[in-house]
Every structure is written in structure tokens, then in C-alpha cells.
Amino acid sequence: MAQAQEKVSFVERLKQIGQVFSFTAKQDKWFVPLLVAAVLIPVALTVLVVLLTGGYIWIPVGLMVTLLAAVIVLNLRSNTAMMNVAEGQAGAAAQLVENMRGDWRVRPAASSTTSFDMVHVVIGRPGVILLAEGNPQRVRGLLGQEKKRLSKVIGNAPLYDFVVGTEEGQLSVRKLRSTLMRLPRNLTGKDVNALDKRLGALMARPQMPKGAIPKNMRPAKGAFRQQRQR
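About the cut-offs
Here the residue index of a chain counts from 1 through its sequence in written order. Reporting of local features is limited, given that this is a predicted model, to residues whose pLDDT is at least 70; pairs of side-chain atoms are given and counted only at 80 or more, and all residues count toward the totals for whole chains, interfaces and linings. With hydrogens and water excluded, all non-hydrogen atoms of the structure serve as input to the side-chain values. Between Lys or Arg on one side and Asp or Glu on the other, a salt bridge is scored when a side-chain nitrogen of the former is within 4 Å of a carboxyl oxygen of the latter. Labels follow the DSSP assignment, with helices taken as runs of H or I lasting at least four residues and strands as runs of E lasting at least two, numbered in each case from the N terminus. For every residue, the predictor reports its confidence as pLDDT, a number between 0 and 100. Contacts are residue-level and defined by heavy atoms, with any inter-residue pair within 4.5 Å sufficient. Note on geometry: axes are C-alpha line fits, over the in-contact stretch for helices, and angles between N-to-C directions span 0 to 180 degrees. Orientation categories follow fixed angle ranges, with anything under 35 degrees roughly parallel, anything over 145 roughly antiparallel, 65 to 115 roughly perpendicular, and all other angles oblique. Asp, Glu, Lys and Arg are counted as charged, while Ala, Val, Leu, Ile, Met, Phe, Trp, Tyr, Cys and Pro are counted as nonpolar; the rest, among them Gly, fall into the polar class. Relative accessible area decides the class of each residue, using a 1.4 Å probe on protein chains only: under 20% of the type maximum gives buried, over 50% gives exposed, and in between gives partly exposed. The rule for pairing is simple: two strands pair if DSSP sees at least two bridges between them. Looking down the strands as they point away from the viewer, one classifies a crossover as right-handed if the path from the first strand across the helix to the second runs clockwise.

Colleague: Please set out the pattern of salt bridges residue by residue, giving values where relevant.
Modeller: Where charged atoms from two side chains of opposite charge approach closely, those side chains can pair. Applying the stated criterion to the full structure yields eight salt bridges. Linking Asp117 and Arg138 is a salt bridge whose minimum nitrogen-to-oxygen distance equals 2.4 Å. A residue pair is termed long-range when its members are at least 10 positions apart, and Asp117 in the loop between β1 (105–112) and β2 (118–124) and Arg138 in helix α5 (residues 136–150) qualify at 21 residues. Where salt bridges share partners, they join Asp103, Arg105, Arg107 and Asp196 into one cluster.

Colleague: For the confidence of the model for the chain, give the residues involved together with the corresponding values.
Modeller: The pLDDT averaged across the chain works out to 81; a share of 84% of its residues lies at or above 70. Throughout residues 1–5 the model reports pLDDT below 50, and contacts reaching past four residues in sequence, or to other chains, amount to four contacts. Counting contacts from residues 223–230, a segment whose pLDDT is below 50, to residues more than four positions away or on other chains yields one contact.

Colleague: I'd like a rundown of the packing of helix α1 (residues 10–27) against helix α2 (residues 31–53), residues and numbers included.
Modeller: Between two packed helices, the angle of one axis relative to the other and the distance separating the axes together describe the packing. One can describe the packing of α1 onto α2 by two numbers: an axis separation of 8 Å at closest approach and a directional angle of 120 degrees. Looking at the two axes, α1 sits oblique to α2. The residues of α2 that touch α1, namely those facing Phe21, Thr24 and Ala25, are Phe31, Val32 and Leu35. Its residues placed into classes, the contact of α1 with α2 shows five nonpolar, one polar and no charged.

Colleague: Could you give an account of the pairing of strand β3 (residues 127–133), with specific residues and numbers?
Modeller: Within a regular strand, the side chains alternate between the two sheet faces. Burial analysis of β3 places seven of its seven residues in the buried class, the great majority of the element. As paired elements, β2 and β3 share seven bridges and run antiparallel to each other. Directly across from Val122, in β3, lies its bridge partner Ile129. Bridge count for β3 against strand β4 (residues 159–164) is six bridges, and the pairing is parallel. When the sheet's bridge partners are listed, Val128 is paired in β4 with Leu159. Traced from β3 through α5 to β4, the parallel crossover comes out right-handed.

Listed below in C-alpha cells is the structure:
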């Protein structure tokens, strides 16, 4: 279920900005030079205007422009850096949708295999959205199984599916957010709540990953025999 957004204090907000700044600087070698340019250019222009006109009213204007330029550079370069890191990582699609603005109910890896193929189920105003990650041939089978399972409870709600990846015919992680935002708003808030409850009841019992069970997860020899003897 969607959780109410908690209020973030000014200090916490500064810490978050610092973390984003540090992360982006490590991932993007052009970030710091561009940020410095975004700060120095408006400051230099402001100083020049003040010296030529003698109007100190331009100082607060210049500070606002400088702050705005710095925020724009930070936002654009941090998003690019996050996409570069997320691309190709298992579960990245679900994490990106969870951080999107709006009412998006995400159930990561609702269906999965031991080979890290997975299908995430997303519920939102467009309807039900399936996001598949992993081997293109295997995830197609997972998508088909998940569609069949969900068709029992979603009724007339629209169902969309995407295979997230970098190959031809797949949806790039970089375009995931914009693609979902462009989908039509087919459901009301009440419809989303009702659909979320039905799917929650269906998925209350987790599925075991399909495929061979790893050796470290297998029960010890004789375990089943001991249980039958009790």
C-alpha cells in the first residue's frame, strides 16, 4: 500500500543533497566543472551589471539565478548518473518506479526464477503494469504466467507489460519513467485501492522461484524422513 510521505526536516534535506552531490561527483567527471560554471557565470554577470548600473537590486536576482542554475545542473547530472548505475542491475526497474512521484504501488519480483529473471507488478492510475527483467526468452514465459494469474482478479483493468533492457524491442531504464507517465489514466483513486487489495490477497502467499534450488538452500539429507517419523 502507498505510504504517506513523511515530512523531511531542513537538516535532513541538506544531508540528502550532500549525498546526491557526493554520488554524482564520483560517477560523473563533468559534474563538478559544470556546477562550477553554473555558479561562476551568473555571479560574474551579476557583478558586472552592478558595477555598470550601480543598482544593488540585481544582487538578490543574481543569487536566485545562481541557485537555480546549480539546482538544474545537479538534477540533470544526478539523474544521468543514477541511470548509468541502474542500467543492467537486477531490480532497478522496480526501484525506479518506487521513487516516482504519484500513486504507484510496486510489488518487486512478484514472479522470479533462481537465474534472477523477475517480473515486477505495478498498480497505478493507468492500470496494472508488468515490468520484466532478465533473459528475454525466459522472462516472456514469466510474463505469460503472471498475466494468466492476474487475469483472475483484475477484471476490466488495463494490463500493460514491458521487458526492461538494452536490446532491440526492450524498454530502456532511461525511458521507463517517461513511458509510464505517458500512459493514460484509466482508473480513479478508488479503483486503484480496490485493485491493490485484490492483488494483495492474491499475492499474500509468496511464490517459490522457478528453477533449480541452490545447494545452500536445499534441506539436509534425511530432513523429510525425520519429519515423517514425528
